[in-house]
Amino acid sequence: MTFETLEVNRDGAVLFVKMFAPPMNLLGPELVRDLVTLIQDAEADNGTNVLVFSSADPDFFISHVDVTKVKEYRDEAAKLTGEPSIALLFRHLSASRLVSIAQIEGRVRGAGSEFVLACDMRFAARESALFSQMEAAFGLVPGGGAAQFLTRLMGRGRALEVMLGASDYDADVAERYGWINRALPAESLGDFVASLARRISRFPAAGHAMVKERVNAIALAPVDEFRRDSNLFGENVRSQPAQRRMEAAMARGFQTRDAELNLSQLLGDLDD
């Protein structure tokens, strides 16, 4: 497999997928296009059972969507789901027969958070991982399924704290809140995830699919709920209030690497 933003290595039935979309792993059309192709190819290959996602950038796993290319990345998502929606792309991954694991180092915010939430399991480096669901800072609802995932994982109060506060959370708090499975020392994270992925891949793939189907029947929101969130984001991101706040954030360095190392403070300082 050859991609612009992904490096893929096979180990038996496991694909180890490393993301690299300079300058800061924004979820833009190139990364979405590559993820769509990867999922399509992996689902068509009976020799692939498990996907492990990590980042080649130590500071950013996936920062968030590229807000300057909303239509473009949504159009790329439509090539998998038939609808221009990353929410439906992410839900497709959750419902897939493939087992997906996120190995998180660095910042994962907005749609980046929603991508790892769509993965079946999430493990994060205690020293470097930071999580944020920050759309409310722009007057937006998360458009990739965060309301569906986080409320089921955390409960109502914590989900509202996370989404309305738009702050950064370290890996230990994320673990305590249920955002991730475990926080682990960075030095042992990769070995732990690889060992788990290989162990799962040795069990019958039919069992994976059946277990996921039964768990999803309980824990995965219906397609229409993801579609509703996606539509709300798509409608409101073009509104004048949201555009004004994005312009103000851009003026302060939003979507530049240096500013986004401390995005929580930048968003907290925004004025209407």
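Provided above is the structure to which this section pertains.
Residues numbered from 1 in each chain as written. Predicted model: local features only at pLDDT ≥ 70, side-chain atom pairs only at ≥ 80, totals over all residues. Heavy atoms only, no water.

Quick notes on empty space enclosed by the protein
So, point 1. Applying the stated rule across the entire model yields two cavities of 30 Å³ or more.
So, point 2. Around the largest cavity, the lining is made up of 18 residues, and of these Val65, Tyr73, Ala111, Glu135 and Phe233 lie nearest the centre.
So, point 3. Those elements giving two or more residues to the lining of the largest cavity turn out to be helix H2 (70–81) and helix H4 (111–118).
So, point 4. Volume-wise, the second largest cavity comes out at about 30 Å³.
So, point 5. Around the second largest cavity, the lining residues are Leu35, Ile39, Leu89, Phe90, Leu93 and Phe115.
So, point 6. Elements with a contribution of two residues or more to the lining of the second largest cavity: helix H1 (29–44) and helix H3 (86–95). (1 Å grid on protein atoms, 1.4 Å probe; cavity = no way out; pocket = protein on both sides within 12 Å on 5 of 7 lines; lining within 4 Å. Points joined across faces, edges and corners; volume = space filled by probe spheres on them. Helix = DSSP H or I, 4+ residues; strand = E, 2+ residues; numbered from the N terminus.)

Focus: the sheet that holds strand S8 (residues 130–132)
So, point 1. The mixed open sheet is built from four strands, whose spatial order is S4-S6-S8-S9. Looking along the sheet, the strands with just one partner apiece sit at the ends: strand S4 (60–62) and strand S9 (169–170). (Pairing = 2+ DSSP bridges.)

Thoughts on the packing of H1 against H3
So, point 1. Remark: H1 packs on H3, axes separated minimally by 12 Å, with the N-to-C direction vectors making an angle of 30 degrees. Comparing the axis directions of H1 and H3 gives the class roughly parallel. Crossing hand, H1 versus H3: left-handed. Along its contact with H1, which presents Val32, Val36, Ile39 and Glu43, the element H3 presents Ile86, Leu89, His92 and Leu93. (Axes fitted to C-alpha atoms, helices over the stretch in contact; angles between N-to-C directions. Parallel < 35°, antiparallel > 145°, perpendicular 65-115°, else oblique. Left-handed = near helix turned anticlockwise from the far one by under 90°. Contact = heavy atoms within 4.5 Å.)

Side note on the sheet that holds strand S2 (residues 14–19)
So, point 1. One open sheet holds the six strands; their spatial order is S1-S2-S3-S5-S7-S10, and the pairing between them is mixed. Both outer strands of the open sheet, strand S1 (6–11) and strand S10 (182–184), are each paired with one neighbouring strand and no more. With direction set aside, neighbouring strand axes in the sheet form an average angle of 20 degrees.
So, point 2. Across three bridges, strand S7 (residues 121–125) lies against S10 in parallel orientation. Looking across to S10, one finds that alanine 125 is bridged to leucine 184.

Section: the packing of aromatic side chains
So, point 1. Counted by the stated rule, this structure contains eight aromatic pairs.
So, point 2. With a centroid separation of 5.5 Å and an interplanar angle of 45 degrees, the aromatic rings of phenylalanine 131 and tryptophan 179 are classed as tilted. Of this pair, phenylalanine 131 sits in strand S8 while tryptophan 179 sits in the loop between helix H7 (171–177) and S10, placing them 48 residues apart in sequence.
So, point 3. Given a relative accessible area of 0%, phenylalanine 131 falls into the buried group.
So, point 4. Residue tryptophan 179 is classed as buried on the basis of its relative accessible area of 0%.
So, point 5. Consider the rings of phenylalanine 149 and phenylalanine 226, whose centres lie 5.3 Å apart with planes at 70 degrees: the pair is edge-to-face. Of this pair, phenylalanine 149 sits in helix H5 (residues 146–154) while phenylalanine 226 sits in helix H10 (residues 223–236), and the two are 77 residues apart along the sequence. By the burial criterion, phenylalanine 149 is buried, and phenylalanine 226 matches it.
So, point 6. Site record: aromatic cluster; members linked through ring pairs are Phe131, Tyr169, Tyr177 and Trp179. (Phe/Tyr/Trp six-rings, centres within 6.5 Å; stacked < 30°, edge-to-face > 60°. Buried < 20%, exposed > 50% of the residue type's maximum accessible area, 1.4 Å probe, protein only.)

Some thoughts on the environment of arginine 122
So, point 1. Inspection of the secondary structure assignment puts arginine 122 in strand S7.
So, point 2. Its relative accessible area of 6% is what places arginine 122 among the buried residues.
So, point 3. Considering only alpha carbons, one finds arginine 122 and valine 193, 71 residues apart in sequence, at a separation of 9.3 Å.
So, point 4. Residues contacting arginine 122, with those up to four places away along its chain left out, are Ala102, Ile104, Val116, Leu117, Leu153, Trp179, Ile180, Asn181 and Arg182.
So, point 5. Within the local environment of arginine 122, its side chain forms a polar contact with the backbone oxygen of valine 116, the two atoms lying 3.2 Å apart.
So, point 6. Only 3.4 Å separates the side chain of arginine 122 from the backbone oxygen of leucine 117, close enough to count as a polar contact. (Polar contact = N/O pair within 3.5 Å; in protein donor to acceptor, adjacent residues only side chain to side chain.)

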